Amino acid sequence: MVNSLKKPDFEEIRPGAKTPAKETILTPRFYTTDFDEMANMDISVNEDELQAILKEFQVDYNRNHFIRDEDFDQSWDHIDGDTRQLFVEFLERSCTAEFSGFLLYKELSRRLKDKSPVLAECFRLMSRDEARHAGFLNKALADFDLSLDLGFLTKSRKYTFFKPKFIFYATYLSEKIGYWRYITIYRHLDSHPENRVYPIFKFFENWCQDENRHGDFFDAIMRAQPQFLNDWKAKLWCRFFLLSVFATMFLNDIQRSGFYSALGLDAREYDIYVIRKTNETAGRVFPVILDVDHPAFFSRLDACTENNRRLAEIAESDDPAPIKFFKKLPLYLSNVWQLASLYFIKPLDPVAVSGAVR
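Heads up: these notes are all about the structure in this document. (Residues numbered from 1 in each chain as written. Predicted model: local features only at pLDDT ≥ 70, side-chain atom pairs only at ≥ 80, totals over all residues. Heavy atoms only, no water.)

Quick look at the overall build of the protein chain
Then, in step 1: Secondary structure summary: the protein chain contains 13 helices and two strands in total.
Then, in step 2: By the burial criterion, 52% of the 358 residues in the protein chain qualify as buried.
Then, in step 3: A fraction of 85% describes how many contacts in the protein chain between residues 6 or more apart in sequence connect residues 24 or more apart.
Then, in step 4: In the structure as shown, the protein chain presents an accessible area of about 17,400 Å², 53% of it carried by carbon and sulfur atoms. (Helix = DSSP H or I, 4+ residues; strand = E, 2+ residues; numbered from the N terminus. Buried < 20%, exposed > 50% of the residue type's maximum accessible area, 1.4 Å probe, protein only. Contact = heavy atoms within 4.5 Å. Areas by Shrake-Rupley, 256 points an atom, 1.4 Å probe, with all protein chains shown as cover.)

Below, the structure written as structure tokens:
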């Protein structure tokens, strides 16, 4: 039987909390899975590595890291206009994504406790990390006189069901791309402190190590389930998840390029770097990676961002709904074509590319 997270009865958002952003195909998702299948997995093939990762989690390197210091004790009214709106969006999206991870990992820990103790404890400790991240981000929102009602999010958000292997692909990539996003911003601002517009970025170096350890955990789980990596279906699915994660980040970030400009970053160059590094990292476990250096790869993503810009213009126009639909249709079809074309670019064998042996 397929289990899912139980959603309590709907209730109103608490007074004073920010209304959550509208759910779209590009917003962070909340996930559930087949907990029985997860509980019955045999991890003995790679249990030693999972035990070692569990010991890393138990050390809790960031126990005392997420503590606000005096740099937060000031007014942030100077961050205003479009920059303020984009910054709040960044905090909200990040908080929602971290809270989504917390909910999934907490439920996995509860469901696996009596059946797979090692996995259950790893998920429990990862949920601890995600809760810290979400809470820290929500406190940052409070500096802008906003906050998310995380209880309301738990009850009101739709949950997307993924089978365990898809959960592993998606969360592995989410954690690893999170590492590269955070460490890239941290290193840039460490070299250019004049662009550190808000003190949360000082915390990104240690923070991204949580993301990295979580990614290593999912790497180890997939190695314990070689059937998720060693057949033709795995190659197709890995390509799909790599492209989905990369395209989602690229389209989101280019749409919010003003946020990165405020940090002294070019959003497109930043995304290209993060995509290349995440793709390279994924080659340590995935059977294939994307050819992100193919001449068409980023040009087709650029075409999608232009389509999305035009779609937003149409949505804001005063045209009747039927006219809007027929104006949008070719742009939607173009996006489908661009992404399908990217999917069918011949993938790379990571072992051949790196010359490494897994």
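Concerning the pattern of salt bridges
Then, in step 1: Applying the stated rule across the entire model yields 24 salt bridges.
Then, in step 2: Among the salt bridges present, the one from R68 reaches D143, with a minimum N-O distance of 2.8 Å. One end of the pair, R68, is in the loop between α2 (47-59) and α3 (81-112); the other, D143, is in the loop between α4 (117-142) and α5 (150-156), with 75 residues separating them in the sequence.
Then, in step 3: Under the relative-accessibility criterion, R68 is labelled partly exposed at 28%.
Then, in step 4: Here the salt bridges do not stand alone but share partners, grouping D60, R63, R128, D129 and R132 into one network. (Salt bridge = Lys/Arg side-chain N within 4 Å of Asp/Glu carboxyl O.)

What about the packing of helix α6 (residues 164-191) against helix α7 (residues 204-224)?
Then, in step 1: Taken N-terminus to C-terminus, the directions of α6 and α7 make an angle of 155 degrees; their axes are 8 Å apart at the nearest point. Comparing their axes, α7 and α6 come out roughly antiparallel. Crossing geometry of α6 relative to α7 is assigned as left-handed.
Then, in step 2: Its residues placed into classes, the contact of α6 with α7 shows 14 nonpolar, six polar and six charged. (Axes fitted to C-alpha atoms, helices over the stretch in contact; angles between N-to-C directions. Parallel < 35°, antiparallel > 145°, perpendicular 65-115°, else oblique. Left-handed = near helix turned anticlockwise from the far one by under 90°. Nonpolar A, V, L, I, M, F, W, Y, C, P; charged D, E, K, R; others polar.)

Points about the packing of aromatic side chains
Then, in step 1: Summed over the entire model, instances satisfying the criterion amount to 51 aromatic pairs.
Then, in step 2: Relative to Y198, the ring of F87 has its centre 5.3 Å away and its plane inclined at 75 degrees; by these criteria the two rings are edge-to-face. Highlighted residues: F87 in helix α3 and Y198 in the loop between α6 and α7, separated in sequence by 111 residues. One exposure class covers both F87 and Y198, and it is buried.
Then, in step 3: Note on W237 and F241: the rings are 6.2 Å apart at their centroids and 45 degrees apart in plane angle, and the pair reads as tilted. Of this pair, W237 and F241 both sit in helix α8 (residues 232-255), separated by four residues, roughly a single helical turn.
Then, in step 4: Judged by its relative accessible area of 32%, W237 falls in the partly exposed class.
Then, in step 5: Lying across the ring of F35, R111 places its NZ or CZ 4.5 Å from the centre. (Phe/Tyr/Trp six-rings, centres within 6.5 Å; stacked < 30°, edge-to-face > 60°. Lys NZ or Arg CZ within 6 Å of the ring centre and 35° of its normal.)

Side note on α8
Then, in step 1: An ideal rise of 1.5 Å per residue puts 34 Å on 24 residues; α8 measures up with 35 Å between its terminal C-alpha atoms.
Then, in step 2: Among the residues of α8, the N-terminal cap falls to D231, whose side-chain oxygen and the backbone nitrogen of K233 are separated by 3.3 Å. (Expected span 1.5 Å × (residues − 1). Polar contact = N/O pair within 3.5 Å; in protein donor to acceptor, adjacent residues only side chain to side chain.)

Concerning a nonpolar patch on the surface
Then, in step 1: Together, F325, F326, L329 and L333 make up an exposed nonpolar region whose accessible area comes to about 420 Å².
Then, in step 2: One can find F326 in helix α12 (residues 321-343). (Patch = residues over 30% accessible without salt bridge, like charges linked within 9 Å, V, L, I, M, F, W, Y side chains within 5 Å.)

Concerning α12
Then, in step 1: Taking 1.5 Å per residue as the helical rise, α12 with its 23 residues ought to reach 33 Å, and the 32 Å between its terminal C-alpha atoms agrees with that figure.
Then, in step 2: Remark: the principal bend of α12, roughly 30 degrees, maps to K328, with a proline, P330, within the next four residues.
Then, in step 3: Listing the buried residues of α12 in full gives K324, K328, L331, N335, Q338, S341, L342 and Y343.
Then, in step 4: If you follow the buried residues of α12, they end up packed against α8 and α11 (297-316). (Bend = angle between axes of the 7 residues up to and from the residue.)

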